[in-house]
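Below, each chain spelled out in residue letters.
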Amino acid sequence: FCRIYRVKYPSHSHTLDQCRKLVGSRIKQRLDSENQKFILVGHSMGGLICRDMYKEKLIPVICFMITTPQKKVYVAGLLKKIATTNLCNRILGVSGKELSEHDIQPIAPPCTYYTVSTSLPVIGGFDGAIFTSNMVLDDEKNHHIDRSSHFSILLTAELHQFVINKITSMITH
């Protein structure tokens with residue numbers, strides 16, 4: 001695991017399925033062989049794409065889903081109700097609007113996985129975008145980071161250390 005790639009996807013103009021297919025094709029382009037091991041780390045909607053990568057016939061060694069909505073995103077639904085269509089489209093995009101329109105089926109990926117949930121101190125059980133309980137697939141595979149927002153989580157040393165520890169543990173065993 002010596003190469004790290006950031007894969008962008010056009011969530012504002014594409015559906016979740018289209019984004020997943022695009023990311024899947026980019027991963028396949030970067031793998032040296034079909035049997036090459038890889039790890040996926042996704043934040044928010046990116047975690048959904050990582051979780052469902054098996055649909056592209058790609059199964060990582062480990063999948064990390066950070067503040068990923070495993071269930072319906074109620075805040076996106078609220079935004080759709082109170083904001084103008086133009087503002088809603090700019091903020092949520094095509095994929096984001098999908099998250100508010102139907103329940104996401106929380107299906108665990110067919111690999112070792114971990115979810116990372118967050119919550120704000122003032123509003124326990126909510127991180128500013130997603131309810132904490134909606135980020136968890138399995139309590140035993142979840143790591144909760146308190147006093148962190150949906151976006152600031154990416155800057156925390158605790159998150160980085162958690163990911164490094166899990167990868168190191170898997171490699172050494």
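Before reading on, note that the structure itself is shown above.
This structure is a prediction, so every number in the text was calculated from the model and none was measured.

A. Representation of the overall build of the protein within the structure. Helix and strand content of the protein: five helices and four strands. When the helices and strands of the protein are read in sequence order from the N terminus, they spell out α-β-α-β-α-α-β-β-α. What you see for the protein is a C-alpha radius of gyration of 16 Å, in line with the 16 Å of a compact globule of 173 residues. Along the longest, intermediate and shortest principal axes, the C-alpha atoms of the protein span 50 × 35 × 25 Å. Scored against the burial criterion, the 173 residues of the protein give a buried share of 43%. Here the contacts in the protein between residues at least 6 apart in sequence split such that 67% fall between residues at least 24 apart. Within the structure as shown, the protein displays about 9900 Å² of accessible surface, and the carbon and sulfur contribution to it stands at 55%. Seen as two clouds, the 21 positive and the 14 negative side-chain charges of the protein have centres 6 Å apart.

B. Structural detail: the environment of asparagine 89. Within the fold, asparagine 89 resides in helix α4 (residues 85–101). Other than its neighbours up to four places away in sequence, asparagine 89 contacts His12 and Lys97.

C. Representation of the sheet that holds strand β3 (residues 112–119) in the model. Read across the open sheet, the four strands follow the order β1-β2-β3-β4; overall the sheet is parallel. In this open sheet, the two strands that pair with only one neighbour each are β1 (39–43) and β4 (142–146). Looking at each pair of strands side by side, their axes are set apart by 15° on average, direction ignored.

D. Main features of the packing of aromatic side chains. On inspection of all chains with the given rule, the structure shows five aromatic pairs. For the pair tyrosine 74 and phenylalanine 131, a centre-to-centre distance of 6.3 Å together with 65° between the ring planes defines the contact as edge-to-face. With a gap of 57 residues between them, tyrosine 74 in helix α3 (residues 74–82) and phenylalanine 131 in the loop between β3 and β4 connect regions that are remote in the sequence. Overall, the relative accessible area of 37% leaves phenylalanine 131 in the partly exposed class. Centroid distance phenylalanine 126 to phenylalanine 131: 5.1 Å. Interplanar angle 55°. Geometry classified as tilted. Every member of this aromatic cluster is reached through a ring pair, and the members are Phe64, Tyr114 and Phe162.

What counts, and where the lines are drawn
- Residues numbered from 1 in each chain as written.
- Predicted model: local features only at pLDDT ≥ 70, side-chain atom pairs only at ≥ 80, totals over all residues.
- Heavy atoms only, no water.
- Helix = DSSP H or I, 4+ residues; strand = E, 2+ residues; numbered from the N terminus.
- Rg over C-alpha atoms; globule rule 2.2 N^0.38 Å.
- Buried < 20%, exposed > 50% of the residue type's maximum accessible area, 1.4 Å probe, protein only.
- Contact = heavy atoms within 4.5 Å.
- Areas by Shrake-Rupley, 256 points an atom, 1.4 Å probe, with all protein chains shown as cover.
- Lys, Arg positive; Asp, Glu negative; His and termini not counted.
- Charge placed at Lys NZ, Arg CZ, Asp CG, Glu CD.
- Pairing = 2+ DSSP bridges.
- Axes fitted to C-alpha atoms, helices over the stretch in contact; angles between N-to-C directions.
- Phe/Tyr/Trp six-rings, centres within 6.5 Å; stacked < 30°, edge-to-face > 60°.

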